[in-house]
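Chains, contacts and geometry: an overview
Each chain, written out:
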Amino acid sequence: PADAPVAPHPETPAETRPAPAPSCDAMPPPAPVQKPQKTLIVTHLECANHVTPALMGTDYVAGAAAPFASPEQPERVKAVWAALKQCAWTCGGTKIVDTVELATSPTLNRGLNDTLERFASPETGPFEGPPGAPKRQSPTRTASVEFLFDDLEPVVLRVHDFDYLSRVATHVEALQRAEAGVSEATETKRTLLRCVSTTLTGDTFACARSLHAALCASYTVCKAIDTVVRGEYRNAFCVVRPPGHHAGQSGSTRKDQKAPDEDEPGLVGQGFCLINHVAVGARHALARHGATIKKVVVIDWDLHHGNGTEQILSDPDGPLAREGLRDRVLFCSIHGAGPDDAPLYPGTRREPSTTPALNVPLKRGSGPAEFLRGFQTILDAAEAFGPDLILISAGFDAHKDDMFRFLRLNDQCYRDMTKRVMDLAYKVCGGRIVSLLEGGYTISTLVRCSVVHARALATYGQPGAVAGVTPASRQPPPRRPAPEKRDEEPSRKRARRAPKKMDV
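So, here is what we can say about the structure in this document. Every chain's residues receive numbers from 1 upward, in the order its sequence appears when written. Local features in a predicted model are, by the rule used here, given only for residues with pLDDT of at least 70; side-chain atom pairs are given and counted only at 80 or more, and totals for whole chains, interfaces and linings are based on all residues. Calculation of side-chain values draws on the structure's entire complement of heavy atoms; hydrogens and water are dropped beforehand.

Examining the sheet that holds strand 13 (residues 465-466)
The criterion for strand pairing is that DSSP finds at least two bridges linking the strands in question. Working definition: helices are DSSP H or I runs of at least four residues, strands are E runs of at least two. Numbering for both runs from the N terminus. Read across the open sheet, the three strands follow the order 3-2-13; overall the sheet is antiparallel. Unpaired on one side and paired on the other, strand 3 (94-95) and strand 13 mark the two borders of the sheet.

In structure tokens:
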């Protein structure tokens, strides 16, 4: 019945009652064992497809004399990657490094071709262009294509002028048409045309896949930033090319740049660079991870001043200033600077400065002691700025064994610099660092310094870390070859095989 009294709840069995709260003198539970933190080392195979002339004074595509052979060759990243892939750094038996090779899938390649076509079409303009402009011919929207279209391309168009990207894309498209239309196409002729570039400026070259390679390099840097900010890795090192820190908003940063026309094509690219990857990465971090990343510090320790990065990130008239983001990024550069009569490329920031960016120039012959003193100035300013992410333009051409031989750094100096940046990162931003390769042109020295840098990133603060153990060093020694058997006469073989007769 509805008015029947409600029966009382039965007594809760003892085994189902909640456990009493522990007393204040109870033994606390054991703390979880902290797992070793991993470092990401990543490259993109497309980076090797940016090919520059290796033969002095030869430009097969245009049929004209190139000013010089470029030292920025694909072998740089190939050699560095081959060395880093063999590193098996561990901590407590756990691997602390992941080496990841990104590749261009057919779908991503169609997406890159689509981006190239849009860049080369002035009537399209940035993003979707004016009303009535041709729309994107979208390939299948895989995750990589989504990232290219929705994340990377808009950021690149905010960092670089569309007119500049259009000039580069038009140049690259012309090379693609020339490659596709080779008459009497023997394999030798195709190889020459595919592997030799034309010059965009006196020091920057492009081939049919150069813009693909540059976009994939920026793609790799942005992907690495995403993994570090999400906490999947504590830091990352991106082995990419072509380098980027000389590429300004319009490619060249020269003030006397002329408008392109039929007689004067203008300056396109600068200092081996087409797209400024570290600037793209900084802008991507602010756009994609704005809730976490409020400030970014960019540290450039390449031998040459990162004039393009400074113009984009710090110039009062630069792209970030127009968006009101200049105060959220601090650019710091320590570099070589020659006298007025013999300036070191690019010849900018030969005097110390604190605005709009922090610059620490060093004279020829400066060694590790002078470099580290100047580097500490950068670290102090970066700590006062309080970043949430640190990006490193890691060039290794200030080493005493590099082809430039301007500064006198050694392997230990790069190790110390990396450790000092790690100290700063754990003090201000939870250890978040993404480093990317810039200069370094003597390959043996570049490989050695890259391994030193990656090792310092991976083993910092990892007690008991074992570094530098390669798979080859763990293999057993090769067996000695068996002695060759001498040819014997058939009668001797039969006699040797016949059983001995025993007297019984």
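Re unusual backbone geometry
In most cases, non-glycine residues show a negative phi, while peptide bonds are predominantly trans. Residue Arg241 is joined to Pro242 through a cis peptide bond whose omega torsion reads 0°. Pro346 follows Tyr345 through a cis peptide bond whose omega is 0°. Looking at where Pro346 falls in the secondary structure, it is placed in the loop between strand 9 (329-336) and strand 10 (358-362). In this structure, Phe272 takes a positive phi of about 70° despite not being glycine. Note on placement: Phe272 falls in the loop between strand 7 (235-239) and helix 7 (277-288). You can call Phe272 buried: its relative accessible area is 14%. Residue Arg405 is not a glycine yet carries a positive backbone phi of 50°. You can see Arg405 is positioned in the loop between strand 11 (389-394) and helix 11 (411-428). Relative accessibility thresholds used throughout: buried, under 20% of the residue-type maximum; exposed, over 50%; partly exposed, between the two (1.4 Å probe, protein chains only). Since its relative accessible area comes to 48%, Arg405 is described here as partly exposed.

What to know about the environment of Phe404
Its location among the elements puts Phe404 in the loop between strand 11 and helix 11. Judged by relative accessible area, which is 31%, Phe404 ranks as partly exposed. Along the backbone, Phe404 and Gly440 are 36 residues apart, and their C-alpha atoms lie at a distance of 9.1 Å. Any two residues whose heavy atoms approach within 4.5 Å are treated as being in contact. Residue contacts for Phe404: discarding those within four places in its chain leaves Leu303, His304, Asp397 and Tyr441.

Some remarks on the sheet that holds strand 4 (residues 97-102)
On the basis of which strands lie adjacent, the open sheet formed by eight strands has the order 4-1-7-12-11-8-9-10 and parallel pairing. For this open sheet the edge positions go to strand 4 and strand 10, each flanked by a neighbour on one side alone. Adjacent strand axes in the sheet meet at a mean angle of 15° when their direction is disregarded. Pairing of strand 8 (residues 296-300) with strand 9 involves five bridges; the strand directions are parallel. By the bridge assignment, Val298 is partnered in strand 9 with Phe331. Interaxial angle, 0 to 180 degrees, is taken between N-to-C directions of lines fitted to C-alpha atoms, where a helix line uses only the stretch in contact. The sheet strands contacting helix 1 (residues 75-85) are strand 1 (39-44), strand 4, strand 7 and strand 12 (433-437), and the helix crosses strand 4 at an angle near 145°.

Regarding helix 12 (residues 443-459)
To estimate how far a helix should extend, the number of its residues minus one is multiplied by 1.5 Å. Here helix 12 spans 24 Å end to end across 17 residues, near enough to the 24 Å set by a 1.5 Å rise per residue. Among the residues of helix 12, Thr445, Leu446, Val447, Cys449, Ser450, Val452, His453, Ala454, Ala456, Leu457, Ala458 and Thr459 are the ones counted as buried. Phi turns positive, to about 65°, at Gly461, one or two residues after helix 12.

What to know about the pattern of salt bridges
The salt bridge definition used is simple: a Lys or Arg side-chain nitrogen within 4 Å of an Asp or Glu carboxyl oxygen. One pass over the full model with this rule turns up 16 salt bridges. Across the salt bridge formed by Lys38 and Asp98, the nearest N and O atoms sit 3.3 Å from each other. With Lys38 in the segment before strand 1 and Asp98 in strand 4, the pair connects residues that are 60 residues apart, well separated along the chain. Under the relative-accessibility criterion, Lys38 is labelled partly exposed at 30%. In this structure, Glu72 engages Arg241 in a salt bridge whose closest nitrogen and oxygen atoms are separated by 2.7 Å. You can see Glu72 sitting in the loop between strand 1 and helix 1 and its partner Arg241 sitting in the loop between strand 7 and helix 7, a full 169 residues away along the chain. A single burial state applies to Glu72 and to Arg241, both of which are buried. Counted as one network, the salt bridges with shared partners bring together Lys400, Asp401, Asp411 and Arg448.

Everything listed is a geometric property; what it means functionally is a separate question.
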